[in-house]
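Observations on the model geometry
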Amino acid sequence: MPYRLNKGVFMVRCRQPGCPFNVHLEIADNIMGMTEADVDTEARKTARDMAQVRHDSLHGRHHQLHNPEVRMTSGTIQLTGAGPVQGTEHQAPSQVREFGKGDLIVREGEAATTVCEVLKGVAVPVKNEHHKYTRGDCFGVSSLLPKHRRLTDVVAGQDRTAIAFYDLTELRKTDPGKAGKLFSILIEDTLKLVAERVPS
Ligand SMILES: [Zn+2]
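Notes on the structure in this doc start here. (Residues numbered from 1 in each chain as written. Predicted model: local features only at pLDDT ≥ 70, side-chain atom pairs only at ≥ 80, totals over all residues.)

**What about the pairing of strand 1 (residues 3-13)?**
Summarising the sheet, strand 1 and strand 3 (residues 32-33) pair through two bridges and their orientation is antiparallel. Note that in strand 3 the partner of Arg4 across the bridge is Met32. Bridge count between strand 1 and strand 4 (residues 69-79): nine bridges; the pairing is antiparallel. Opposite Phe10, over in strand 4, you have Met72 as the bridge partner. (Pairing = 2+ DSSP bridges. Helix = DSSP H or I, 4+ residues; strand = E, 2+ residues; numbered from the N terminus.)

Right, dumping it as structure tokens:
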């Protein structure tokens with residue numbers, strides 16, 4: 001779960017005409033998700049549920065919380081790898097890092113030990129620039145073989161590109177389902193690359 005809510009405060013306003021209900025709620029729950037959007041959706045739902053209880057205790061006799069406006073007014077959704085992390089959810093065999101546009105994600109020739117999954121943004125292999133990787137795509141097939149080296153530089157194609165680096169051997173022990181999925185994506189991508197190079 002690479003993303004989490006940090007000190008999120010949400011404004012919830014009832015849209016029933018004439019209703020004065022408008023509150024700011026701090027979400028104390030530790031909300032985490034695979035993407036920023038997942039965390040946002042979950043946090044809004046939590047804020048809405050909290051507001052509903054409060055609204056209905058005040059105005060419930062007259063009407064239900066009506067089509068509420070829900071907006072984050074302070075706080076951030078951040079990568080758990082960035083900055084100090086509280087809690088104990090730090091044992092996953094993966095590391096998430098964020099890159100600015102043009103930053104090197106992996107370097108050609110360096111030891112390939114991890115599989116890379118794009119969580120956000122774009123990753124571009126320098127040797128094959130039209131073969132871009134976006135959210136959900138994986139690269140780093142050379143890491144599946146022992147003692148292999150990266151086949152190309154891969155750079156971030158836009159700011160705030162987030163990449164998860166997985167040690168597949170470790171991941172197989174802790175989350176075989178995820179490891180199998182990453183493996184399949186890598187092989188599919190490799191077959192696609194081969195097909196692109198075969199003249200038709
Ligand atoms: Zn109301």
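**Concerning the sheet that holds strand 7 (residues 115-120)**
Spatially, four strands are ordered 5-11-7-9 in an open sheet, and the strand pairing comes out antiparallel. The open sheet has two edge strands, strand 5 (94-99) and strand 9 (138-139), and neither has a second partner. For strand 7 and strand 9, the ladder comprises two bridges, and the chain directions are antiparallel. Across the sheet, residue Glu117 finds its bridge partner in strand 9, namely Cys138.

**As for unusual backbone geometry**
Positive phi, close to 50°, is recorded for Lys7, a residue that is not glycine. Tracing the sequence through the fold places Lys7 in strand 1. Backbone geometry places Arg160, a non-glycine residue, at a positive phi of 60°. Structurally, Arg160 is set in the loop between strand 10 (154-156) and strand 11 (161-166).

**Details of helix 1 (residues 36-59)**
Helix length check: helix 1, at 24 residues, gives a terminal C-alpha distance of 33 Å against a target of 34 Å (1.5 Å per residue), a fit within 8%. For helix 1, the full list of buried residues reads Val39, Ala43, Ala47, Ala51 and His55. Those residues of helix 1 hidden inside the fold are in contact with strand 1, strand 2 (22-26), strand 3 and strand 4. (Expected span 1.5 Å × (residues − 1). Buried ≥ 20, exposed ≤ 12 C-beta atoms within 10 Å, placed from the backbone. Contact = placed C-beta atoms within 7 Å.)

**So, the nonpolar core**
Within the largest apolar cluster, 23 residues are counted, with the highest numbers of intra-cluster contacts made by Ile105, Cys116, Ala123, Val154 and Ile163. Of all elements in the fold, only strand 6 (104-106), strand 7, strand 8 (123-125), strand 9, strand 10, strand 11 and helix 3 (176-197) reach the threshold of two or more residues within this core. (Core = buried A, V, L, I, M, F, W, Y, C linked by C-beta atoms within 7 Å.)

**Some thoughts on the environment of Cys19**
Positionally, Cys19 belongs in the loop between strand 1 and strand 2. Accessibility expressed as a C-beta count within 10 Å gives 17 for Cys19, which makes it partly exposed. Once the C-alpha coordinates of Cys19 and Leu65 are considered, the two residues, 46 residues apart in sequence, prove to be 9.3 Å apart. Setting aside residues no more than four positions away along its own chain, Cys19 makes contact with Cys14 and His59.

In short, the description is geometric, and any link to function would need to be established separately.
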